[in-house]
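# Structural overview for review
Okay, here's what each chain looks like letter by letter:
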Amino acid sequence: MTETARTVMFHEAGGPEVMRIEDRPLGDPGPGEVRIRHRVCGLNFIDVYQRSGLYPMELPHALGMEAAGVIEAVGEGVSHLKPGDRAAYAAMPPGAYSEARVMPAAQVCPLPDAIGFETAAAMMLKGMTVEYLFHRTTPLKRGDTVLFHAAAGGVGLIACQWARSEGITLIGTAGTDEKCRLALDHGASHCINYRTEDFAARVRELTGGKGVDAVMDSVGKDTFEGSLDCLKPLGMMISFGNASGPVPPFNLAVLAQKGSLKITRPTLFAHTADPEACQAMARHLFTKVLDGDVSIRIDQRFPLEQVVEAHRTLEARATTGSTVLEL
């Protein structure tokens, strides 16, 4: 009898209600693949983008980009993992919302014994995102200043701590005073409640009119124009998400008018496509956590059966820190 694994699937794009749990065949890993038995799965906004159709996918499809567990079997050619190893990943293709899966091995990372499965599942995608934002996107050095939107979210709280550990001044934004306090507690130098303050004006005030070296913006449409006004001449706009919707088309000449600004729209998976780079990024993240520079805050936990409610909570921006699905 073929072994199966409970897996969250969706057969059409739409709201959280399109997700359902199905028993899917598991099988054995082929060349370059592993079979991993998940202990905990992570929840991320990219999951919402895929489910809603903002990032179109061939349907039906599984969901989830991040998880941690134990390797059950390895295929031919896999040398960095073996059965029984603890492992974690943030990787394509989607399918992490499951009890177990067969997947490409290249982006699955050996997990240090000192890092728990729950912590790993909550940090791989978010932590490696912060790693590339601070080390692989634009040159940043001690003493630089960045503006980071959604500073109390899962990525944001890691970024606040990462910036502090690197001697970088991070100005955060968040939607409530409580979330601002959370960002400050995790290392933000300042945090602006964008519902009660004009964040662009406040950034100019905080920087003595100079502006910031870089903006890291996962919010998208609602913050894009204001973010450009926060940059110093030659500053870098890093647009890495669309929580409020995609950025509409704009006139490139605006970048010249505002001081020869630079702009990029990176993705984690472009950075991790090279297996060696992916493993190096993961090791850098693990070191930050093991050294105590970064702690992973998990504020929401849902059983896999409540994945619909988990998505609703995330989309309502009612979360802080990371969210995980428990198996």
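The notes below deal with the structure included here. Chains are numbered independently. Their residues run from 1 in the order of the written sequence. The model is predicted, so local features are restricted to residues of pLDDT at least 70 and side-chain atom pairs to those at 80 or more, both for listing and for counting; the totals for chains, interfaces and linings are taken over all residues. Only hydrogens and water are set aside; all other atoms, that is, all heavy atoms of the structure, feed into the side-chain values.

### Comments concerning the overall build of the protein
- Counting secondary structure elements, the protein contains 10 helices and 16 strands.
- Here the globule rule is a power law, 2.2 Å times the number of residues to the power 0.38, and the radius of gyration is based on C-alpha atoms. For 327 residues, the compact-globule estimate of 2.2 N^0.38 gives 20 Å, and the C-alpha radius of gyration of the protein, at 20 Å, lies within 12% of that figure.
- Taking all 327 residues of the protein together, 55% fall into the buried category.
- Excluding contacts between residues fewer than 6 apart, the proportion of contacts in the protein whose partners are at least 24 apart in sequence is 68%.
- For the protein, the distance from the average position of its 32 positive side-chain charges to the average position of its 39 negative side-chain charges is 5 Å. Each helix is a run of H or I in the DSSP string that is no shorter than four residues. Each strand is a run of E no shorter than two, and both are numbered from the N terminus. Residue exposure (1.4 Å probe, protein chains only): buried if accessible area is under 20% of the type maximum, exposed if over 50%, otherwise partly exposed. The contact definition used throughout considers only heavy atoms, calling two residues in contact when any of these lie within 4.5 Å. The positive count covers Lys and Arg only, the negative count covers Asp and Glu only, and His and the chain ends enter neither. For charged residues, the charge sits on one atom: NZ in Lys, CZ in Arg, CG in Asp, CD in Glu.

### A word on the nonpolar core
- Residues belong to a common nonpolar core when they are buried Ala, Val, Leu, Ile, Met, Phe, Trp, Tyr or Cys residues joined through side-chain atoms within 4.5 Å. Counting residues in hydrophobic clusters, the biggest one holds 56 residues, and the most contacted among them are Met124, Phe134, Leu170 and Met216.
- Tallying contributions element by element places helix H2 (residues 117–135) first for this core, with 12 residues.
- By size, the runner-up hydrophobic cluster in this structure holds 28 residues, among which are Ile36, Leu63, Ala105 and Ala310.

### Describing the sheet that holds strand E1 (residues 4–10)
- Two strands qualify as a pair provided DSSP detects at least 2 bridges between them. Spatially, three strands are ordered E2-E1-E4 in an open sheet, and the strand pairing comes out antiparallel. Edge strands, defined here as strands with exactly one partner in the open sheet, are strand E2 (19–25) and strand E4 (61–62).

### Considering helix H3 (residues 154–166)
- Expected span, for any helix, means 1.5 Å times one less than how many residues it has. Here H3 contains 13 residues, and its C-alpha end-to-end distance of 19 Å stays within 8% of the 18 Å for a straight helix at 1.5 Å per residue.
- Burial in H3 covers these residues: Gly154, Val155, Gly156, Leu157, Ile158, Ala159, Cys160, Gln161, Trp162 and Ala163.
- At its buried positions, H3 is contacted by H2, strand E9 (145–148), strand E10 (169–174), helix H4 (177–185), helix H9 (275–290) and strand E16 (322–326).
- Trailing H3 by a residue or two, glycine 167 shows a phi angle of about 75°, which is positive.

### With respect to the state of the cysteines
- To count as a disulfide, a pair of cysteine sulfur atoms needs to be within 2.5 Å. One pass over the structure, following the stated rule, counts zero disulfides.
- In this structure cysteine 160 is a free cysteine whose sulfur lies 7.0 Å from that of cysteine 191, the closest cysteine sulfur available.
- Cysteine 180 takes part in no disulfide bond, and the closest cysteine sulfur to it belongs to cysteine 191, at a distance of 3.3 Å.

### Comments concerning the sheet that holds E9
- The strand order across the open sheet built from six strands is E11-E10-E9-E12-E13-E14, with neighbouring strands paired in parallel fashion. Each edge of the sheet is formed by a strand with only one pairing partner; in this case those strands are strand E11 (190–193) and strand E14 (262–264). Put simply, the sheet's adjacent strands are angled 15° from each other on average, direction ignored.
- With four bridges connecting them, E10 and E11 associate as parallel partners. Within E11, the position partnered with threonine 173 by the bridge is isoleucine 192.
- Each of E10 and E11 is contacted by H4, which is oriented at about 165° to E11, the strand it contacts most. Comment: axis = line fitted to C-alpha atoms, over the contacting stretch for helices; angle = value between 0 and 180 degrees taken between N-to-C directions.

### Some points on the side chain of arginine 51
- Its location among the elements puts arginine 51 in helix H1 (residues 45–52).
- Classification of arginine 51 as buried rests on a relative accessible area of 1%.
- Side-chain polar atoms of arginine 51 contact the side chain of histidine 311, separated by 2.7 Å.
- Non-local contacts of arginine 51, meaning those with residues more than four positions away in its chain, are made with Phe10, Glu12, Ala13, Gly14, Gly15, Pro16, Val18, Met19, Leu63, His311 and Glu315. The definition of a polar contact used here is a pair of N or O atoms within 3.5 Å, where within protein one atom must be able to donate a hydrogen and the other to accept one, and adjacent residues in sequence count solely through side-chain atom pairs.

### Things to note about the packing of H1 against helix H10 (residues 307–315)
- Running from N to C, H1 and H10 point in directions that differ by 105°, and their axes come no closer than 10 Å. Classified by the angle their axes make, H1 and H10 are roughly perpendicular. Residue-level inspection shows Phe45, Asp47, Val48 and Arg51 of H1 in contact with H10, the latter providing His311, Leu314 and Glu315.
- Any residue outside Ala, Val, Leu, Ile, Met, Phe, Trp, Tyr, Cys, Pro, Asp, Glu, Lys and Arg is labelled polar, Gly included; the first ten of those are nonpolar and the last four are charged. Here the contact of H1 with H10 is composed, by residue class, of three nonpolar, one polar and three charged. Here roughly perpendicular refers to angles of 65 to 115 degrees, roughly parallel to angles under 35, roughly antiparallel to angles over 145, and oblique to all remaining angles.

### A few points about a nonpolar patch on the surface
- Note that patches include only residues with greater than 30% relative accessible area and no salt bridge, and the join distances are 9 Å for like charges and 5 Å for nonpolar side chains (Val, Leu, Ile, Met, Phe, Trp, Tyr). Computed with a 1.4 Å probe, the accessible areas rest on the Shrake-Rupley method; for each residue, only the protein chains presented here act as cover. Salt bridge, as applied in this entry: a Lys or Arg side-chain nitrogen positioned within 4 Å of an Asp or Glu carboxyl oxygen. Together, Phe250, Leu252 and Ile263 line one region of the surface with nonpolar side chains, adding up to about 260 Å² of accessible area.
- Mapped onto the secondary structure, phenylalanine 250 falls in the loop between strand E13 (231–239) and helix H7 (253–257).

### Some thoughts on the packing of aromatic side chains
- Under the pairing criterion, centres of Phe, Tyr and Trp rings, with the six-membered ring standing for Trp, must be within 6.5 Å; the plane angle then separates stacked pairs below 30 degrees from edge-to-face pairs above 60, leaving the rest tilted. For the structure shown, the criterion picks out four aromatic pairs.
- Aromatic rings pair up to connect Phe45, Tyr49 and Tyr55 into one cluster.
- Whether a charge sits over a ring comes down to the Lys NZ or Arg CZ being within 6 Å of the ring centre and within 35 degrees of the ring normal. Arginine 86 extends its terminal NZ or CZ atom over the ring of phenylalanine 117, reaching a point 4.5 Å from the ring centre.
- We note lysine 288 situated over the ring of tryptophan 162; from NZ or CZ to the ring centre the distance is 5.2 Å.

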